[in-house]
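# Analysis of the macromolecular model
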Amino acid sequence: MSSRRWLLADQLGPHFLDDPAQPVLLVEARELFRRRPMHRQKAHLILSALRHRAAELGERAILVRAGTFREALAQVDGPVEVCHPGSRAGLAFARSVPGLTILPPRGFLTSRDGFAEWADAPRRGPLRIGDFYDWARRRHGVLEGPPGRVPRRPHPCERGDGLVAPAPPPIVEDVIDAEVRDELDRWEQEGVRFLGRDAPRRYPATHAEADARLRHFVRHRLPDFGRYQEVMSGGDPLLAHSVLSSSFNLGLLDPAEAIGAAEEAWRAGNASLSAVEPFIRGLLGWREFLWQLYWYFGPGFQGANWLAATEPLPDWFATLDADAVQARCLADVLAGVRDRAWAHHAQRLLVLGNYALQRGWRPAELAAWFRDCFVDGTDWVMNAAVIGMSQYADLGRVDTRPYAVDGRYVDELSDYCTGCRYQPDTALGELACPYTAGFGAFLHRNRDRLDTDPRLAAELAERDDPQMRQAVLAQEDKRGSSPP
Ligand SMILES: Cc1cc2nc3c(=O)[nH]c(=O)nc-3n(C[C@H](O)[C@H](O)[C@H](O)COP(=O)(O)OP(=O)(O)OC[C@H]3O[C@@H](n4cnc5c(N)ncnc54)[C@H](O)[C@@H]3O)c2cc1C
Ligand code: SF4
């Protein structure tokens, strides 16, 4: 009797199945949504994607609805197999189920053994993304050979020009989405709590929808990806980003396909290397690197807190109360999370993560917030992206410097400061930018830990006036955890 393939909620694309006739199991376990509040749009997307997959597979698949995964598995006859789950808790559970066969992980180009071969090489030193990415590119033969000829596009900050690129085509909801919405409404009436606002589904729930979004992105926004990837704009939440992270993380889209499509655009002369390379670096470099580090470093990483950050997340932030915030950049990004369950990379790092880092919020609590509020949030990203890169709680195991920056830096990369009630170059007084003042206070509070970093040591030296230091620290203590 052939094994039934259990497809987890992050394994919903065709690359998680081999045999077109193999029977399939899908499970909707209510415990996933009741353990702690998650964004309503994320809950909708997960349920919608599971149910769409069941509908696509027809009689081949059974969809079991149960309180817990264990209860669901108890209802299934015959042998079951599953691809390696994406979290340690998931793997521990799978290992505890008698007779469940665990297959190798899928959806990543580099295998665990391949990564260990690279990471454990003699004289490797600290594990750095640049080295890993160069190695991965050679190993997988990506972006080799001659490019097509593409005219150079200037960086937006060079010219300040606006981006003219169509947003992704809208998703058309169907009867499955209507059922999911009714069910989530019912759960809310029964007392289940969600975060953020509900909205018509914005993100793909099937491979076909994700693939259409990928093709649209490659054609219309990839050519501008490189020059807009670090920019932030209050008027354009997406810019040239692909907004495909939830599709990769639900397993709807194989990253290898996306890398191939981007590379093809470069070869055909439709996009320059400076546009395509950063997109491929995100997928073949960062995404794979974070996944591998999650398993390579093991559970110790989660509790890392080198900067001894002990402040809890304030309520206004935890509950996405963007209306309470006056700082234009933070209000815009927090509203984006509330309304879209998504923000692009620079917004996550320089606006959300930077604010938390400056104020000494607990890294593990912040990581849980990112995981629950973002439509692409997963445990394996959190360790390295939040605990490591954004909060520097790991003492540079992931990146070489803390991502603490002041308002002037936000101003350089965005149009937020025009029209904000604060001034990015002011650290004291009524008009003090919370990022500029917060940066100064962060440096002073952590001076003993940060003076080995050349950039931050120079910033500290610039602010070495004792009176100014006292004033900034007193002002920031007074601001406390209230919304800026
Ligand atoms: C504090 C913080 C939290 C984050 N949390 C998550 C998360 O929970 N889930 C998640 O998938 N990504 C996370 N990221 C990484 C990155 O911000 C998102 O992958 C990206 O913004 C998703 O939008 P997009 O699909 O438009 O990406 P694009 O900008 O279009 O990039 C294309 C793809 O490359 C991958 N990618 C690019 N940069 C990164 C990166 N630094 N790390 C991992 N993958 C990357 C993603 O799969 C992304 O979809 C986080 C980053 C930070 C700084
Ligand atoms: S002035 Fe400061 S708070 Fe206002 S938008 Fe600029 S960086 Fe953000």
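So, a few notes on the structure that sits alongside this text. Being a predicted model, the structure only gives us computed values, none of them experimental.

Before going further, it helps to examine the side chain of His-241. Residue position: His-241 is located in the loop between helix 10 (222–228) and helix 11 (245–249). With near-sequence residues (within four places) excluded, His-241 lies in contact with Phe-217, Arg-221, Phe-225, Tyr-228, Gln-229, Trp-342 and His-344.

In the contact formed by helix 20 (residues 434–445) and helix 22 (residues 454–462), the axes pass within 10 Å of each other and the chain directions differ by 105°. On the basis of their axis angle, the class for helix 20 and helix 22 is roughly perpendicular. Every residue of helix 22 that contacts helix 20 at Phe-439, Leu-443 and His-444 is listed here: Arg-455, Leu-456, Glu-459 and Leu-460.

Right, let's talk about the pairing of strand 5 (residues 80–83) for a bit. Burial along strand 5 is two-sided: Val-80 and Val-82 and Glu-81 and Cys-83, pointing in opposite directions, are all buried. For strand 5 and strand 6 (residues 101–103), the ladder comprises 3 bridges, and the chain directions are parallel. What sits directly across from Val-82, in strand 6, is Ile-102. Tracing the backbone out of strand 5, into helix 4 (residues 88–96) and back to the parallel element strand 6 gives a crossover that is right-handed.

A word on the side chain of Asn-446. Locating Asn-446 in the fold gives a position in the loop between helix 20 and helix 21 (447–450). In terms of polar contacts, Asn-446 uses its side chain to reach the backbone carbonyl oxygen of Phe-442, at 3.0 Å.

Before going further, it helps to spend a moment on the site of ligand 1. In the vicinity of ligand 1 lie 28 residues, with His-241, Ser-242, Val-243, Asn-249 and His-345 positioned nearest. Contacts to ligand 1 include Val-243, whose backbone N or O atom sits 2.6 Å from an oxygen atom. Here an oxygen atom of ligand 1 sits 3.2 Å away from a polar atom, N or O, in the side chain of Trp-342. Summarising the interface, the protein chains cover 97% of the accessible area of ligand 1, which totals 810 Å² for the free molecule.

Sheet strands pair via backbone hydrogen bonds, and the direction of the pair is either parallel or antiparallel. Pairing is parallel in the open sheet, where 5 strands are placed in the order 4-2-1-5-6. Taken across any chain shown, the strands that pair with only one partner, and hence form the sheet edges, are strand 4 (61–66) and strand 6. Ignoring which end each strand starts from, the neighbouring axes of this sheet average 30° apart. As judged from the 6 bridges shared by strand 2 (residues 24–29) and strand 4, these two strands associate in the parallel manner. Across the sheet, Glu-28 pairs through a bridge with Arg-65, a residue of strand 4. Contacts from helix 2 (residues 40–57) reach strand 1 (4–7), strand 2 and strand 4, with the element oriented near 155° to strand 2.

This brings us to the packing of helix 20 against helix 23 (residues 466–479). As a packed pair, helix 20 and helix 23 sit with axes 9 Å apart at the nearest point and diverge in direction by 110°. By the criterion of interaxial angle, the relationship of helix 20 to helix 23 is roughly perpendicular. Note that helix 20 runs across helix 23; the crossing there is left-handed. Of the residues in helix 23, those in contact with Pro-434, Ala-437, Gly-438, Gly-440, Ala-441, His-444 and Arg-445 of helix 20 are Arg-469, Val-472, Leu-473, Gln-475, Glu-476, Asp-477 and Arg-479. Its residues assigned to classes, the contact of helix 20 with helix 23 comprises 5 nonpolar, 4 polar and 5 charged.

Another point: the packing of aromatic side chains. Using the criterion set out here, one finds 32 aromatic pairs in the structure. Ring geometry for Phe-115 and Trp-118: centres 5.4 Å apart, planes at 50°, overall tilted. Of this pair, Phe-115 and Trp-118 both sit in helix 5 (residues 112–119), 3 residues apart, roughly one helical turn. When its relative accessible area of 1% is taken as the criterion, Phe-115 is described as buried. An aromatic cluster of three or more residues is present, and its members are Phe-115, Trp-118, Phe-132, Trp-135, Trp-286, Phe-289, Tyr-296 and Phe-297. Taking NZ or CZ as reference, Arg-34 lies 5.1 Å from the ring centre of Trp-187, over its face. Directly above the ring of Tyr-294 sits Arg-88, whose terminal nitrogen or CZ lies 3.9 Å from the centroid.

The rules behind these values
- Residues numbered from 1 in each chain as written.
- Chains lettered and ligands numbered in written order.
- Predicted model: local features only at pLDDT ≥ 70, side-chain atom pairs only at ≥ 80, totals over all residues.
- Heavy atoms only, no water.
- Helix = DSSP H or I, 4+ residues; strand = E, 2+ residues; numbered from the N terminus.
- Contact = heavy atoms within 4.5 Å.
- Axes fitted to C-alpha atoms, helices over the stretch in contact; angles between N-to-C directions.
- Parallel < 35°, antiparallel > 145°, perpendicular 65-115°, else oblique.
- Buried < 20%, exposed > 50% of the residue type's maximum accessible area, 1.4 Å probe, protein only.
- Pairing = 2+ DSSP bridges.
- Right-handed = clockwise from strand over helix to strand, strands pointing away.
- Polar contact = N/O pair within 3.5 Å; in protein donor to acceptor, adjacent residues only side chain to side chain.
- Near = heavy atom within 4 Å.
- Areas by Shrake-Rupley, 256 points an atom, 1.4 Å probe, with all protein chains shown as cover.
- Left-handed = near helix turned anticlockwise from the far one by under 90°.
- Nonpolar A, V, L, I, M, F, W, Y, C, P; charged D, E, K, R; others polar.
- Phe/Tyr/Trp six-rings, centres within 6.5 Å; stacked < 30°, edge-to-face > 60°.
- Lys NZ or Arg CZ within 6 Å of the ring centre and 35° of its normal.

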